[in-house]
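One letter stands for each residue in the lines below.
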Amino acid sequence: MKYSALALLRGALSAHRNWVPAWRSPEPKPAYDVVIVGGGGHGLAAAYYLAKNHGVHNVALLERGWIGGGNTGRNTTIVRSNYLFPESARLYDFALKCYEGLSRELNFNIMLSQRGIVLLAHSRHDLDSMARWANAMRMNGIDAQILTREEVAARAPLLDMSPDARFPVLGGFTQRRAGTARHDAVAWGYARAADALGVDIIQNCEVTGFLTGAGGRVVGVETSRGRIRAERIGIAAAGHSSVLAKLAGFRLPVVSYALQAMVTEPLKPALDTVVTSPGTGAYVSQSDKGEIVIGASLDLFPSYAQRGSFAVLQGVIAATLALFPSFSRLRLLRQWAGIVDVVHDSSPIIGPTPIPGLYINCGWGTGGFKAIPAGGWTLAHVLATGRNHELAEPFQLERFITGRLIDEAAAAGIAH
Amino acid sequence: MMQLKCPWCGSRDESEFVCGGTTHLIRPDLTANDATWGEYLFFRDNPKGVHLERWRHAYGCGQWFNVARHTLTHEVLSVYAMTDPPPAHS
Ligand SMILES: Cc1cc2nc3c(=O)[nH]c(=O)nc-3n(C[C@H](O)[C@H](O)[C@H](O)COP(=O)(O)OP(=O)(O)OC[C@H]3O[C@@H](n4cnc5c(N)ncnc54)[C@H](O)[C@@H]3O)c2cc1C
Ligand SMILES: [Zn+2]
C-alpha cells in the first residue's frame, strides 16, 4: 500500500479501517539464500539493498527482540558527515546523500531535518584543531564553515556567551547539511520496503548458534525458533557482535559499553540546530516534539546492561547546564542507554570474518545511526557478490593486524 | 551510583575510579608477528558475563587493583591484587 495524501484522505473517509500492517510476520522458512542477524538499521537496510540492488529476495532478517529495539531506537538521531579522513568522509557522506532522498525512495517519512550542527571551541587549542578539521572536510568535498564567536551566538542564542562562562565559547564550526532524522522511521521505513520486496522479517527470534559444513563454512543458524539454513550470513548486532562472534568461533577488536541519552519535557522551539561541545562531552538538540535531547559520552567500563551510570549522567547534565543555563528549569522525562560496539579507531568493520560465508557489520560505536544507508548498502554488496564494496574496502577486520587504522577518534570521540 | 571496594580505602563511588580494561593480558615477545601483536593490542573476549578487569582508584589512593565483575548485572564478584592469579569464577 502506497502512503500518500490521497491514502490519508481515503482513510479519513473509512474511519481509518483501510490501513494494513507495514510488514508481515511470517513463520521462518527452513532455508534462505541469505540470513541477516540483527534487526537494527544496518541489518534492515542490508536486507532492503540485497533485494533492491542485487535482486536477492530470498532473505530472512532475524531479530531477537523487536526491530529497532537496539541502538537504532535509542540514539539521539544526529546525522552528519564531518569526519577527518578521506575514507570516512566518502562512507559517511554517501550515507548522508542516501538520507537526503530516503523518504521518497522508501515512501516513508524519515523526518530528515537538515538543521546543521555547530561544534563549540572552548579554547585556543580547540580553535586550531577545529580549523584543521573543517579544512580537512573541505578538502574531502564536504561542506564545512568556520564560525566566529558572534556567529555561534547568533546560531544558538541560549548559549552562555558571557565573559565569565564556565566553558567560554571562542568560536566553532558548522556542517549545514547535518541534522536529525527520526530513528524509528528509518528502521520502519527500511523494514516495510524490504518486506515489500519479499524479505521475511522475523522478530522474537534469537540466534543461539551457527551451523558449519565442509571447510568450516557456515551453512545456517540455530535460533530460538528452530534451525534455519542459509548460503551466506551477515551479522549486524552492534553491542552484541562479540557474543555472536564467540558463537561462531572467533574474536573481534570490540568492547561493549553503555552510551546514554535523555530528554526533557517538551517546550516551544528554542534551539534550531544541533550543538556539540567536544570539550565537555555534551551535545544537545531539540526534537520535533519539543523535547531537549541531551547525549552523553560513554560510560567507560565494559557493560551489557542497558542503563547508564549516574556518574556520567551527572557530568553531562552539569556540562549542559553550564552551556545553556536556562535549561536548569526543565525536568527530565526519560533517561536510557544502549550498548555500543567500540573499536580502537572509532571506525566500522564491514566485510568477511575468519569464517567462510559469514560477514559482519559492526564497530559503529557511538555513531552508526548516521551511517545506516551506507552500512546496509555495503554489507548487502559483500553478501551478494562475495567482494567488498569499494567504500568498505578500507574498513576491514585485518586492519587491526596490519596496523592500518583509520583513527577517527578525533571526530567520533564524542557520542553522536 | 555503582560503588567499588578499593582494597586500601574501602567502598567508594564509581566516579573516583577509572577502568583500565581487561586484565591478565600478557605482552608478547618483541619478535612476535603482526597477528600476535594485533591480538594482544586490540582483540578482546568482551564477554556478556564475568569480566576480569583492572581499575585504578584515580581520585583516591591512586592504586591499581583487579576486579571480577559481571557485565550484565554489574555485580562485583571479587576484588584482588594485580599480581594474584585469576579467580575461580572466571
Ligand atoms: C544513547 C545513544 C545515542 C546515539 N546517538 C547517535 C547519534 O546521534 N548519531 C549516530 O549516528 N549514532 C548514534 N548512536 C549510535 C547508533 O545508535 C548505532 O551505531 C546504530 O544504531 C547501530 O545500528 P545497528 O543496526 O548496527 O545496531 P542495533 O540497532 O543495536 O541493532 C542490533 C540488533 O541486533 C539484535 N541482536 C543482538 N543479538 C542478537 C541475536 N543473538 N539474535 C538476533 N538478534 C540479535 C539486537 O536485538 C538489536 O536489535 C547512538 C547510540 C546510543 C546508544
Ligand atoms: Zn584507594
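Placed above this text is the structure.
Residues numbered from 1 in each chain as written. Chains lettered and ligands numbered in written order. Predicted model: local features only at pLDDT ≥ 70, side-chain atom pairs only at ≥ 80, totals over all residues. Heavy atoms only, no water.

A. Representation of the side chain of B:His74 in the model. Mapped onto the elements of the fold, B:His74 is located in the loop between β5 (64-70) and β6 (76-80). Beyond its immediate stretch of four places on either side in the chain, B:His74 contacts A:Phe301, A:Ser303, A:Ala305, A:Arg307, B:Met2 and B:Arg69. (Helix = DSSP H or I, 4+ residues; strand = E, 2+ residues; numbered from the N terminus. Contact = heavy atoms within 4.5 Å.)

B. Inspection of the interface of chain B and chain A at higher detail. Contacts between the two partners involve 24 residues from chain B, matched on the other side by 26 residues from chain A. For the pair chain B and chain A, the summed buried area comes to about 2,200 Å², and 58% of that belongs to carbon and sulfur atoms. The largest per-residue losses of area from chain B upon contact with chain A belong to B:Phe42, B:Phe43 and B:Asn46, which jointly make up 32% of the total buried on that side. Applying the counting rule to chain B against chain A returns two salt bridges. The residue A:Arg251 makes a salt bridge to B:Asp45 at a minimum N-O spacing of 2.9 Å. There are 14 residue pairs in polar contact (both at pLDDT 80 or more) connecting chain B and chain A. Counting only elements with at least two residues in the side of chain B that touches chain A, the list comes to α1 (34-41) and β4 (50-56) of chain B. Top element by residues in the side of chain B that touches chain A is α1(B). It accounts for four residues. The class makeup of the residues in the side of chain B that touches chain A is nine nonpolar, seven polar and eight charged. (Buried area = accessible area lost by both parts, 1.4 Å probe. Salt bridge = Lys/Arg side-chain N within 4 Å of Asp/Glu carboxyl O. Polar contact = N/O pair within 3.5 Å; in protein donor to acceptor, adjacent residues only side chain to side chain. Nonpolar A, V, L, I, M, F, W, Y, C, P; charged D, E, K, R; others polar.)

C. Region of interest: the coordination of the zinc ion (ligand 2). Residue and element names in this part refer to chain B. Taken together, Cys6 (SG), Cys9 (SG), His57 (ND1) and Cys61 (SG) make up the protein donors of the zinc ion (ligand 2), found 2.0 to 2.3 Å from the metal. The coordination sphere of the zinc ion (ligand 2) comprises four donor atoms, whose angles at the metal cover 105 to 119 degrees; the geometry is tetrahedral. Taken in sequence order, the residues that donate to the zinc ion (ligand 2) follow the motif C-x2-C-x47-H-x3-C. Residue cysteine 9 is found in the loop between β1 (3-6) and β2 (10-13), and its partner histidine 57 is found in the loop between β4 and β5; the two are separated by 48 residues along the sequence. (Donors = N, O, S within 2.8 Å, 3.2 Å for Na, K, Ca; no water. Tetrahedral: all angles 85-135°; square planar, octahedral: opposite > 155°, others 65-115°.)

D. Up close: the packing of helix α2 (residues 41-54) of chain A against helix α6 (residues 183-196) of chain A. All names here are of chain A. The interhelical angle for the contact between α2 and α6, taken along N-to-C directions, is 30 degrees, at an axis separation of 9 Å. Here α2 is positioned roughly parallel relative to α6, judged by the angle of their axes. In this structure, α2 meets α6 at a crossing whose hand is left-handed. Residues Leu44, Ala45, Ala47, Tyr48 and Tyr49 of α2 lie in contact with α6, whose contacting residues are Ala187, Tyr190, Ala191, Ala193 and Ala194. Of the residues contributing to the contact of α2 with α6, the split by class is ten nonpolar, no polar and no charged. (Axes fitted to C-alpha atoms, helices over the stretch in contact; angles between N-to-C directions. Parallel < 35°, antiparallel > 145°, perpendicular 65-115°, else oblique. Left-handed = near helix turned anticlockwise from the far one by under 90°.)

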